[in-house]
Every structure is written in C-alpha cells, then in structure tokens.
Amino acid sequence: MAHQFTISYLEDSIALFQQYKKLAEGAIVQVTDEQLFATLDSEGNSIAIIVKHMAGNMRSRWTDFLTTDGEKPDRDRDSEFVDAPTSREALMRVWEDGWDQVFAALTPLTDGDVSRTITIRGEPHSVTQAVNRQIAHYALHIGQITFLAKHFQSGNWKSLSIPRNRSADFNQRVANGDASQR
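Note that the structure is predicted; figures quoted are calculated from it, not measured.

Student: What am I meant to see in empty space enclosed by the protein here?
Tutor: Throughout the structure, instances matching the rule amount to one cavity of 30 Å³ or more. Put simply, the largest cavity is a space of about 30 Å³. In this structure, the largest cavity is lined by Arg61, Trp62, Phe65, Gly70, Ile118, Ile120 and Gln134. Mapped onto the lining of the largest cavity, the elements with two or more residues apiece are α3 (47–62) and β1 (117–120). Along the lines of polarity and charge, the residues of the lining of the largest cavity split into four nonpolar, two polar and one charged.

Structural data, given as structure tokens:
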C-alpha cells in the first residue's frame, strides 16, 4: 500500500490499520497450516492464538465504539488464549470479522469525533487516545505474527518490506520516482 499524504488523523489511522492488516496477512500466507498452530515454547502463543486474541479485542473495542465501554462485559479475554480455530479458513474468518469491526467503527467517524470521550475498562479516553492504543496493540501482535512466520519459514521467507541487502535498489527506485514496488 503506497503512502498517501493526509492531514486527517482518521484517514491516516485507517491507512495504518489497513497496512498492518496487510502485513500480517503477508506473513500468514507464507506459513503452512501446521505452522499456524505451532509455538516456540510452552509459554508462547501460536499465530492462530494471536489472531484469535486480536479478533476478540477488536470485537470488544470497536463494537458500539462511541457508546459503550470498550471492554464488553461478555468478553472472556482468557479464553482468547486457548482453543484456536482448527483450520486456516476458520481462523481467517475470525480475522476478517475482527477487522470488519475496526473499519465499521472508524469509517463513519469525522475528524470532529476525535475529541469525543469514550471509555475502556471504565477509564475515559479521547477517540484519538483509543485509536492510538489500538494501533500500538495491533502493531505489537502483528510484529509477533511476522516474527513467528519468518522464524518458521527461515530461508523461504519473502520479505514484507525492503528485503535485506536491497536498500540501494529501493533508494534508486525512489530517486526514479517509483517507490511503489518493494
């Protein structure tokens, strides 16, 4: 996704969420079905568990975003870390459902909404603070997904950004006005 200049906080936030979603999907598509459910050790989470947790968080935070607390009373956060969906297809449905909540909540907002007050776990947040909180949270987990996928794929990994030892090629394309393809 090419960078688009904007002075709108919401436009930029939506673009960031789209970029992070795309990065995670670029990592997920590279792993085998077995690797989706693999952990590095007994304390680690699999890609599937991270996806399930993110989707649970997204449902809680973004459902009725402006009108209800971002920690829904029916959320069972602990259950998000056990019993991942059992197939890639089921996992990706959970993933898409979560992201649908994010974009359905953000898309209708206006820049005038960013100073509104919402609550998360009973604490007041401006919309800007709530969105920033989620951008940081999702970036952390997408980094974990990417790390695991890269670890599992090792020498078969296809870079999601500028490949190692290819910065000069990228810089040359920028100088020539074509930075769209990494």
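Student: I'm lost on the nonpolar core in this one. Help?
Tutor: If you look at soluble globular proteins, the nonpolar side chains tend to sit buried side by side. Counting residues in hydrophobic clusters, the biggest one holds 40 residues, and the most contacted among them are Phe17, Trp62, Trp99 and Ile145. Residue assignment for this core shows that the elements contributing at least two residues are α1 (9–28), α3, α4 (88–106), β1 and α5 (127–153). Top element by residues in this core is α5. It accounts for 10 residues. The residues contacting isoleucine 145, other than those within four sequence positions of it, are Ala24, Ala27, Ile28, Ile47, Ile50, Val51, Met54 and Trp95.

Rules used throughout
Residues numbered from 1 in each chain as written. Predicted model: local features only at pLDDT ≥ 70, side-chain atom pairs only at ≥ 80, totals over all residues. Heavy atoms only, no water. 1 Å grid on protein atoms, 1.4 Å probe; cavity = no way out; pocket = protein on both sides within 12 Å on 5 of 7 lines; lining within 4 Å. Points joined across faces, edges and corners; volume = space filled by probe spheres on them. Helix = DSSP H or I, 4+ residues; strand = E, 2+ residues; numbered from the N terminus. Nonpolar A, V, L, I, M, F, W, Y, C, P; charged D, E, K, R; others polar. Core = buried A, V, L, I, M, F, W, Y, C linked by side-chain atoms within 4.5 Å. Buried < 20%, exposed > 50% of the residue type's maximum accessible area, 1.4 Å probe, protein only. Contact = heavy atoms within 4.5 Å.

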